[in-house]
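# A closer look at the structure
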Amino acid sequence: MELIPAPRAVEEPAGPGVPLGPDTTLWAAPGTERAERWLRATLGAALNLPLRPGPPDARDGVRLLLDDTLAPEAYRLTAAPGTGVEIRGGGPAGVFWGAQTLRQLLGPDAFRRAPLRPAAALSVPAGAVEDAPRFRWRGLLLDVARHFMPKEGVLRYLDLMAAHKLNVLHLHLTDDQGWRIEIRRYPKLTEIASWRSRTKFGHRASPLWDEKPHGGYYTQDDIREIVAYAAERHISVVPEIDVPGHSQAAIAAYPELGNTDVVDTAALSVWDTWGISSNVLAPTDTTLRFYEGVFEEVLELFPADAAEFSGFVHVGGDECRKEQWTESVTAKTRIADLGLTDEDALQSWFIGHFDAWLAARGRRLIGWDEILEGGLAPGAAVASWRGYAGGIAAARAGHDVVMCPEQYVYLDHRQAPGDDEPVPIGFVRTLEDVYRFEPVPAGLTEEEARHVLGTQANVWTEVLEDSARVDYQAFPRLAAFAEVAWSPLPAPADRDYADFERRMTAHYRRLDALGVAYRPPAGPRPWQRRPGVPGRPIEGPPPNR
Ligand code: ACM
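First things first, this report covers the structure right here in the doc. The residue numbering used here restarts from 1 in each chain and proceeds along that chain's sequence as written. At least 70 in pLDDT is required for a residue's local features to be given in this predicted model, at least 80 for side-chain atom pairs to be given and counted, and no such filter applies to totals for whole chains, interfaces and linings, which use all residues. Remark: hydrogens and water are excluded; side-chain values derive from all non-hydrogen atoms of the structure.

## Structural notes on the overall build of the protein
Helix and strand counts for the protein stand at 17 helices and 25 strands. For a compact globule of 545 residues, the expected C-alpha radius of gyration is about 24 Å, and the protein comes in at 24 Å, within 12% of that figure. C-alpha atoms of the protein, sized along the principal axes, occupy 80 × 50 × 45 Å. Think of it in three bands: with a 1.4 Å probe and only protein chains considered, a residue is buried below 20% of the maximum accessible area for its type, exposed above 50%, and partly exposed in between. In the protein, which comprises 545 residues, the share counted as buried stands at 60%. Any pair of residues with heavy atoms lying within 4.5 Å of one another is described as a contacting pair. Pairs at least 24 residues apart make up 73% of the contacts formed inside the protein by residues separated by at least 6 positions. The way it works is that DSSP assigns letters per residue, a run of H or I at least four long becomes a helix, a run of E at least two long becomes a strand, and they are numbered from the N terminus. The quantity called the radius of gyration is restricted to C-alpha atoms. Its globule counterpart is 2.2 Å times the number of residues to the power 0.38.

Here you go:
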């Protein structure tokens, strides 16, 4: 069984498997309806396996049921000729992850959308799989702000995540270069902030421009559809509205949000190049009220009960440049009025405002590790991106943490040395480097380590102009990441990378069937290269921080 991510335990007795075909029936106990619908739709389409309803004791049938002796996301899949295939889950999510395993057991054609031939002989190998995830939060960040990913692409990524047993999609919806979510009370966020007239092609030092307009946004119904599609797959969608930095697009639409006593914000446009803009939000009541209005609509669109982590709202908080606040009389006055020490404390006050605002509405704030600076309310969670240090500090202070250190799981970073990598940026982070990533920082006590909710891979898209480029950077490394997040792997040095590579041989065939434009092990295909487009490779090993 060449499964990815690797399950906890497998029994594979010799002998015939369970034959499946057009007459195979499916019995689904109450509570397993999502897996039932998914199996019919997916295996029905791919393999001509309609899985019509049948009794629980049908010969060689498929059975789905809940078993409260298992943990909520755990499952046990058994296949025995005569008896059939049974998936027991501790909860509905466990059954769903078991269904993902069943798909992998049926071969690469199970990952297509229509059958290749009318009636292929199908068989599930006899045996048993016992499985449960190591981490509860197994995330992927898609930066749909720098380059927009149309709705269809997001739905496709939700399917790819489900196939890898990932369960949190963090959508980075706003940045200097674009605003991607319709907010009804502020129409200029979509009329003005959702597009730019041209785009820097390559790293910001590149002389190249793509001179065509770029943009797009999700309507409120698109968001509802994405959230529901995700929930059907036991995936939580965590929206990020990045404040108070990374906000030039919003300021271009509503100039009163910026530091109007320092710059002529009415002259700003959506940013067309990369880096960290100095145009940050003004720390005024106008700004607070505006964003409360944004978050009111966000809370409506992302209901807290959609999936396990749907109560979380990400407020960014990273990389807020302070030069404008240093110059602004308005900001200085605010610092004095609030009795704060400096601009850093002002940022902490700003984030604290939304922490209290969200908590009062039964939600939990999550932000990048900069939000730790200046103190944080107890319920807030931290996404540790600047290495491990933020995660360690947060866990020690009793905050829940999602580990996504840039030196391991920023998948926009290049995955091989050499000139062939398209627009190479950052450190070389190979498939093996990702496989040997350890999410739990060394040195935490058991109690502190319990605050590590899990881990997340982040795909920033400054140099990823379309979904083929996103595929190239994300895969195959997301498969290694999924195994790190799900499987009970030993310490990094002891991980059996050769065995992972062996299983990847089967997994590449699945990715081919899914139409994923991954980086082949031998390097990019000709059309995956971007000759002449400057990146910014960083030489040497990443800092071990
Ligand atoms: C980040 O990479 N600025 C979170």
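## Examining the packing of helix α9 (residues 329-337) against helix α10 (residues 343-360)
Think of two packed helices as two axes; the pair is described by the angle between the axes and how far apart they sit. Angular values range over 0 to 180 degrees, each being the angle between N-to-C directions of two axes fitted as lines to C-alpha atoms, with helices fitted over their stretch in contact. Packing of α9 against α10 leaves a shortest axis separation of 10 Å and a crossing angle of 75 degrees. By the criterion of interaxial angle, the relationship of α9 to α10 is roughly perpendicular. Mapping the contact onto sequence places Ala331, Arg334 and Ile335 in α9 and Glu343, Leu346 and Trp349 in α10. Any angle that falls under 35 degrees is termed roughly parallel, while one over 145 is termed roughly antiparallel, one within 65 to 115 roughly perpendicular, and all others oblique.

## Observations regarding the sheet that holds strand β22 (residues 401-403)
Spatial strand order, β10-β11-β18-β19-β20-β21-β22-β24: 8 strands in a closed barrel with parallel pairing. Averaged over all adjacent pairs, the angle separating strand axes in this sheet is 25 degrees, with direction ignored. Pairing geometry for strand β20 (residues 364-368) and strand β21 (residues 381-384), over 3 bridges, is parallel. Within β21, the residue paired with Ile366 across the bridge is Ala381. Strands β10 (137-143) and β11 (168-172) of the sheet are contacted by helix α3 (residues 151-163), whose axis makes an angle of about 150 degrees with β11. Strand pairing requires that DSSP identify at least two bridges connecting the strands.

## Notes on the state of the cysteines
When two cysteine sulfur atoms are found within 2.5 Å, that pair is recorded as a disulfide. Per the stated rule, a full pass over the model turns up 0 disulfides. No disulfide involves Cys320; its sulfur sits 19 Å from that of Cys404, the nearest cysteine.

## Observations regarding helix α5 (residues 220-232)
What a helix should span is 1.5 Å times the count of its residues minus one. In a regular helix each residue adds 1.5 Å, so 13 residues correspond to 18 Å; α5 covers 18 Å between its end C-alpha atoms and thus fits that length. Along α5, the positions that sit buried rather than exposed are Gln220, Asp222, Ile223, Ile226, Val227, Ala230 and Ala231. On an axial view of α5, the arc spanned by its buried residues comes to 170 degrees, and they lie on one face. Those residues of α5 hidden inside the fold are in contact with α1 (33-47), α3, β18 (236-243) and α7 (285-301). Looking one or two residues beyond α5, the residue adopting positive phi is His234, at roughly 60 degrees. The arc refers to the directions leading from the helix axis to the C-beta atoms.

## Describing the layout of surface pockets
Here a cavity denotes a set of grid points, spaced 1 Å apart and computed over the protein atoms alone, in which a 1.4 Å probe fits but from which it cannot get out, and a pocket denotes an open set meeting protein on both sides within 12 Å along at least five of seven lines; residues with an atom within 4 Å of a point are reported as lining. Grid points are joined across faces, edges and corners, and a volume is the space filled by probe spheres set on the points. Counted as a void, the largest pocket has a volume near 660 Å³. If you trace the largest pocket, you find 27 residues lining it, with Arg204, Glu319, Asp412, Glu462 and Arg536 closest to the centre. Of the residues contributing to the lining of the largest pocket, the split by class is 10 nonpolar, 7 polar and 10 charged. Here the second largest pocket defines a volume of roughly 420 Å³. Looking at the second largest pocket, it is lined by 20 residues, and the ones nearest its centre are Thr42, Arg103, Arg113, Asp159 and Tyr229. Ten residues, namely Ala, Val, Leu, Ile, Met, Phe, Trp, Tyr, Cys and Pro, are considered nonpolar, four, namely Asp, Glu, Lys and Arg, are considered charged, and the remaining ones, Gly among them, are considered polar.

## Side note on the packing of aromatic side chains
Working definition: a ring pair exists when centres of Phe, Tyr or Trp rings (six-membered ring for Trp) sit within 6.5 Å. Plane angles under 30 degrees give stacked, over 60 give edge-to-face, the rest tilted. Counting across every chain of the model gives 27 aromatic pairs. Pairing Trp179 with Tyr291 gives two aromatic rings, centres 6.3 Å apart and planes at 55 degrees, and the pair type is tilted. You can see Trp179 sitting in strand β13 (residues 178-179) and its partner Tyr291 sitting in helix α7, a full 112 residues away along the chain. Per residue, the accessibility class of Trp179 equals that of Tyr291, and both read buried. Pairing Tyr254 with Phe290 gives two aromatic rings, centres 5.1 Å apart and planes at 55 degrees, and the pair type is tilted. Linking Tyr254 in the loop between α6 (248-253) and α7 with Phe290 in helix α7, this pair joins segments that are 36 residues apart in sequence.

## A short note on unusual backbone geometry
Omega for the peptide link from Ile4 to Pro5 comes to -5 degrees, which places this bond in the cis form. Topologically, Pro5 is positioned in the segment before β1 (9-11). A cis geometry characterises the amide bond from Val243 onward to Pro244, with omega recorded as -10 degrees. Considering the arrangement of structural elements, one finds Pro244 in the loop between β18 and α6. In the Ramachandran plot, Leu51 falls in the positive-phi region, its phi being about 55 degrees despite a non-glycine side chain. Topologically, Leu51 is positioned in the loop between α1 and β4 (52-53). Notably, Lys165 is not glycine yet its phi reads approximately 60 degrees, a positive angle. Tracing the sequence through the fold places Lys165 in the loop between α3 and β11. When its relative accessible area of 2% is taken as the criterion, Lys165 is described as buried.

## Topic: empty space enclosed by the protein
Scanning the entire structure with this criterion turns up 3 cavities of 30 Å³ or more. Its boundaries defined by the atoms lining it, the largest cavity holds a volume of some 50 Å³. Together, Val227, Ala230, Ile235, Ser236, Val237, Phe302, Pro303, Ala306, Ala307 and Ser310 line the largest cavity. Listing elements by their share of the lining of the largest cavity, those giving two or more residues are α5 and β18. Residues belonging to the lining of the largest cavity are distributed by class as follows: 8 nonpolar, 2 polar and no charged.

## Here we look at the sheet that holds strand β3 (residues 25-28)
Taken together, 7 strands build an open sheet; the order of strands is β1-β9-β6-β7-β5-β3-β4 and the sheet is mixed. Strands at the two margins of the open sheet, each flanked by one partner only, are β1 and β4. Where β3 and β4 come together, 2 bridges link them in parallel fashion. Counted as the bridge partner of Thr25 is Arg52 from β4.

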